[in-house]
Amino acid sequence: MANVQALFALADGLATHLARAYPKAMNDVDPVKFEAVCSATVHKEPTDNATRLTIWPYRATVNEHQRNRSFALPQGLTNRPLPLDVHLLVSVWATRTDHELTLFSWAMRELYQLSVVDASVLSTVDAEMRPDEQLQLSFNELSLEDLMRLWEGNKGGYRLSFPLLARVLQVDITQRDAEPVVARRLRFQDQVPSEGGA
């Protein structure tokens, strides 16, 4: 389970993982910039002709199977985490056909092998994830119409992309089981009235 930086930790961690895994021989021929992007920057055309690969968390939904889970904590606390399924779009920005297609197929192959994302990948940001925490990473289905709608705001048009799904990202929500007692009011009397009221 993680804090509110979990989404950024996921996107940035995957970008860093790909950057470290990218073969030096390929990078010498065509240097690539791997980066996590947000909705405001994903459609900005690069000012130079550098090749880049972007990871954009474009959607997050609550996992229906884990939405009501809770975990008891010490001192009367309970953790009711927010379980998220995170939808990611991986896109390649290149000016040459061979560079685009080579990087695209390499990234798909690399992420296909990364079916489990653990703390070693999610460690670029201090999101307070447990060492044993894992996410399942899989290729996601996205219709052509939905894919095109994601790219409507890009002046340069569509970029070669593929969708991923990461589940389940647990965001901590720690609460008290009950509010602490702040006052007590007790009432005493010497004798109990009889049933007849006498």
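Here is a short report on the structure shown in this document.

Calculation rules
Residues numbered from 1 in each chain as written. Predicted model: local features only at pLDDT ≥ 70, side-chain atom pairs only at ≥ 80, totals over all residues. Heavy atoms only, no water. Helix = DSSP H or I, 4+ residues; strand = E, 2+ residues; numbered from the N terminus. Core = buried A, V, L, I, M, F, W, Y, C linked by side-chain atoms within 4.5 Å. Buried < 20%, exposed > 50% of the residue type's maximum accessible area, 1.4 Å probe, protein only. Contact = heavy atoms within 4.5 Å. Pairing = 2+ DSSP bridges. Axes fitted to C-alpha atoms, helices over the stretch in contact; angles between N-to-C directions. Parallel < 35°, antiparallel > 145°, perpendicular 65-115°, else oblique. Left-handed = near helix turned anticlockwise from the far one by under 90°. Nonpolar A, V, L, I, M, F, W, Y, C, P; charged D, E, K, R; others polar.

### Re unusual backbone geometry
Both trends apply: most residues other than glycine have a negative phi, and most peptide bonds are in trans.
Part 1: Across the junction of R167 and V168, the peptide omega takes the value 0 degrees, indicating a cis bond.
Part 2: In this structure, V168 sits in strand 8 (residues 161-171).

### Thoughts on the nonpolar core
Part 1: In terms of nonpolar packing, the biggest core is built from 38 residues, with L14, F34, L53, I55, L88, L111 and L137 touching the most fellow members.
Part 2: Where this core is concerned, the elements lending two or more residues are helix 1 (6-21), strand 1 (32-36), strand 2 (51-62), strand 5 (82-93), helix 3 (97-113), strand 7 (135-139) and strand 8.
Part 3: With seven residues, helix 1 is the largest single contributor of residues to this core.
Part 4: Apart from residues lying up to four places away in sequence, L53 is in contact with L18, V32, K33, F34, E35, V90, S91, V92, L103 and A107.

### Some words on the sheet that holds strand 1
Part 1: Reading across from one edge, 1-2-5-8-7-6 is the order of the six strands in this open sheet, with mixed pairing throughout. Only two strands of the sheet have a single partner each, and these edge strands are strand 1 and strand 6 (116-117).
Part 2: With respect to the sheet, helix 1 is in contact with strand 1, strand 2, strand 5, strand 6, strand 7 and strand 8, its orientation differing from that of strand 1 by roughly 165 degrees.

### Section: the packing of helix 1 against helix 3
Geometrically, a packed helix pair is captured by the angle between its two axes and the distance between the axes.
Part 1: In the contact formed by helix 1 and helix 3, the axes pass within 11 Å of each other and the chain directions differ by 110 degrees. In terms of their interaxial angle, helix 1 and helix 3 are classed as roughly perpendicular. Here helix 1 and helix 3 pass one another in a crossing that is right-handed. When helix 1 is examined against helix 3, the residues L14, H17, L18 and A21 are found in contact with a partner set consisting of W106, E110 and L111.
Part 2: Counted by class, the contact of helix 1 with helix 3 contains five nonpolar, one polar and one charged residues.

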